[in-house]
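Coordinates in review
For reference, the chains in residue letters:
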Amino acid sequence: MKHPNRRLLAGAALMAAASLMLAGCAGTSSNGPASGDPLEKVTIEVGVVPVVDVAAIYLGVQEGLFEEQGLDVNINVGASGAAVIPSVVSGQYTFGFSNMVSLLQANDQGLPIKIIAPGSASTAKEGADVTMIEVAPDSGIERARDLEGKKVTVNALNGLAQMLASIAITEDGGDPAKVTWVELPFPDELPALRSGQVDAMVGSEPFGSAAIAEGFRAISTPYLAMSDESIVTSAYYTSDAQLAANPELFTRIGAAISASLEFASDNPDAVRKIVPEFSGLSPEQAEGITLCTFRPDLPEESIDLFAKYTREYGIVKSEVTYDDLVWSEVPR
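Residues numbered from 1 in each chain as written. Predicted model: local features only at pLDDT ≥ 70, side-chain atom pairs only at ≥ 80, totals over all residues. Heavy atoms only, no water.

This part is about the overall build of the protein chain. Check the secondary structure of the protein chain and you find 16 helices and 10 strands. Out of the 332 residues in the protein chain, the part that is buried amounts to 58%. Put simply, of all contacts in the protein chain between residues at least 6 apart along the chain, 82% involve residues at least 24 apart. Of the roughly 13,100 Å² of accessible surface on the protein chain, a fraction of 48% belongs to carbon and sulfur atoms. (Helix = DSSP H or I, 4+ residues; strand = E, 2+ residues; numbered from the N terminus. Buried < 20%, exposed > 50% of the residue type's maximum accessible area, 1.4 Å probe, protein only. Contact = heavy atoms within 4.5 Å. Areas by Shrake-Rupley, 256 points an atom, 1.4 Å probe, with all protein chains shown as cover.)

Here it is in structure tokens:
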């Protein structure tokens, strides 16, 4: 297993990255073998964020599931899903991980990307989901609508976390426009809550469970405001140019990701064991985290829900269909 390259991605301008796309993708097209030939060894670059949802990729590398497809993986860590997208569009990264909101935003801006595999899904369990809203025990905040007039930290403004909290506040009869949103990287959210810099955090795992372990309270499970059922919340994607230049390579990548998701689903203890390698949590802290659902399929309903809410909250303007965003080889 290669040791992950933990470089923090710079937030490069999306449109500047798009202009680099054709030049950046040229190298990828020669990587894949011709159909029917033995698998050729290919080195690929992957961009992820330090949340429990990407544990499947780390496990897939560790367990040799990418190696079985002739893939040697370098993992690069970014501050947010949106920050990874420019490096994928430019061809610097072969594929990346991002939440659905960031992918819909990129599509709305005309960036040529395609989902090649699902990433993770919500649990649909009250008080035990991959994203919840945490507050101090003595804050006086008891429910989502109490966040009006408060400072709430999210990892990216107008991103997934802010949208989820806004949905929860709206469904609870509050007004998210009355919230002061504070953008901080995932690892900095809990220290800000701890110090009183903010009143609440929209905590993604493993950071939400870390907050609860310290005595902070979860007051809302936002995904349940979107759907009573588990929905796919993130995905792995590439640029249209890289996909068109070498679809066989992405068939291999898709097979490795699918096997990795199935392994993660069947081995929750292995997920907890590997999370400290990329999250900064101790093994003891990782034992208490809430695990997302890992599934190899991407139902149309999940895309439809995110498309609906991103438009409703003004995050994107254009309508998008499943086929606009998802590669035809992804299992539904």
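Turning our eyes to something else, we now look at the pairing of strand E1 (residues 42-48). Of all seven residues that make up E1, five are buried, and the element is covered over most of its length. As paired strands, E1 and strand E2 (residues 71-77) are joined by seven bridges and run parallel to one another. Opposite valine 48, over in E2, you have valine 77 as the bridge partner. The pairing of E1 with strand E3 (residues 95-99) spans two bridges and is parallel. (Pairing = 2+ DSSP bridges.)

Attention now moves to the side chain of aspartate 53. Within the secondary structure, aspartate 53 sits in the loop between E1 and helix H3 (55-62). Salt bridges are absent for the buried aspartate 53, whose nearest opposite-charge side chain, arginine 295, sits at 12 Å. If sequence neighbours within four positions are ignored, aspartate 53 has contacts with Phe97, Gly119, Ser120, Glu205, Thr233, Ser234, Tyr236, Cys292 and Phe294. (Lys, Arg positive; Asp, Glu negative; His and termini not counted. Salt bridge = Lys/Arg side-chain N within 4 Å of Asp/Glu carboxyl O.)

With that settled, the discussion passes to the sheet that holds strand E5 (residues 131-135). Strand order in this open sheet of five strands is E7-E6-E8-E5-E9, and the pairing throughout is mixed. Each edge of the open sheet is held by one strand with a lone partner, namely strand E7 (180-183) and strand E9 (217-220). Each strand axis lies, on average, 35° off the axis of its neighbour in the sheet, ignoring direction. Here E5 pairs with E9 via three bridges, running antiparallel. Each residue of the ladder has a partner; that of isoleucine 133, found in E9, is serine 220. (Axes fitted to C-alpha atoms, helices over the stretch in contact; angles between N-to-C directions.)

Another aspect to go through is the packing of H3 against helix H11 (residues 247-266). Two numbers describe how H3 lies on H11: the axes approach to 8 Å, and their chain directions differ by 105°. For the element pair H3 / H11, the angle class is roughly perpendicular. Listed contacts from H11 to Ala56, Ile57, Leu59 and Gly60 of H3 are Ile257, Ser260, Leu261, Phe263 and Ala264. (Parallel < 35°, antiparallel > 145°, perpendicular 65-115°, else oblique.)

Let us now look at unusual backbone geometry. Along the chain, glutamate 205 connects to proline 206 via a cis peptide bond; the corresponding omega equals 10°. Among the secondary structure elements, proline 206 is positioned in the loop between strand E8 (200-204) and helix H8 (207-213). At alanine 124, a residue that is not glycine, the phi angle is positive and equals roughly 60°. Note that alanine 124 resides in the loop between strand E4 (113-121) and E5. Positive phi, normally seen in glycine, also occurs at asparagine 158, with a value near 60°. One can find asparagine 158 in the loop between strand E6 (151-154) and helix H6 (160-171).

Scanning all chains against the criterion turns up four aromatic pairs. Judged by centre distance (4.3 Å) and plane angle (10°), the rings of tyrosine 58 and phenylalanine 278 are stacked. Placement of tyrosine 58 in helix H3 and of phenylalanine 278 in helix H13 (residues 276-279) is noted, with a sequence separation of 220 residues between them. Across this residue pair, the class does not change: tyrosine 58 and phenylalanine 278 are buried. (Phe/Tyr/Trp six-rings, centres within 6.5 Å; stacked < 30°, edge-to-face > 60°.)

In space, the five strands of this open sheet follow the order E2-E1-E3-E10-E4, with mixed pairing throughout. Taken across any chain shown, the strands that pair with only one partner, and hence form the sheet edges, are E2 and E4. Adjacent strand axes in the sheet meet at a mean angle of 25°, parallel and antiparallel pairs treated alike. The pairing of E4 with strand E10 (residues 232-239) spans seven bridges and is antiparallel. Bridge pairing links proline 118 to alanine 235 in E10. Of the strands in this sheet, E1, E2, E3 and E10 touch H3, which is tilted by about 145° from E2.

For the rest of this paragraph, the subject is the environment of glutamate 142. Following the sequence through the fold, glutamate 142 ends up in the loop between E5 and E6. Separated by 75 residues in sequence, glutamate 142 and arginine 217 place their C-alpha atoms 9.0 Å apart. Leave out the neighbours within four places in its chain, and glutamate 142 touches Arg217 and Ile219.

Let us now look at the packing of helix H5 (residues 100-108) against helix H15 (residues 300-312). Two numbers describe how H5 lies on H15: the axes approach to 10 Å, and their chain directions differ by 65°. Taken together, H5 and H15 sit at an angle that is classed as roughly perpendicular. Of the two possible hands of crossing, H5 and H15 adopt the one that is right-handed. Contact residues: H5 offers Met100, Val101 and Leu104, while H15 offers Ile303, Phe306, Ala307 and Thr310. (Left-handed = near helix turned anticlockwise from the far one by under 90°.)

Turning to the side chain of serine 122, a few remarks are in order. Counting through the fold element by element, serine 122 comes out in the loop between E4 and E5. Once you skip the residues sitting within four places of it in the chain, serine 122 turns out to touch Asp129, Val130, Tyr223, Glu229, Ser230, Ile231, Thr233 and Thr293.

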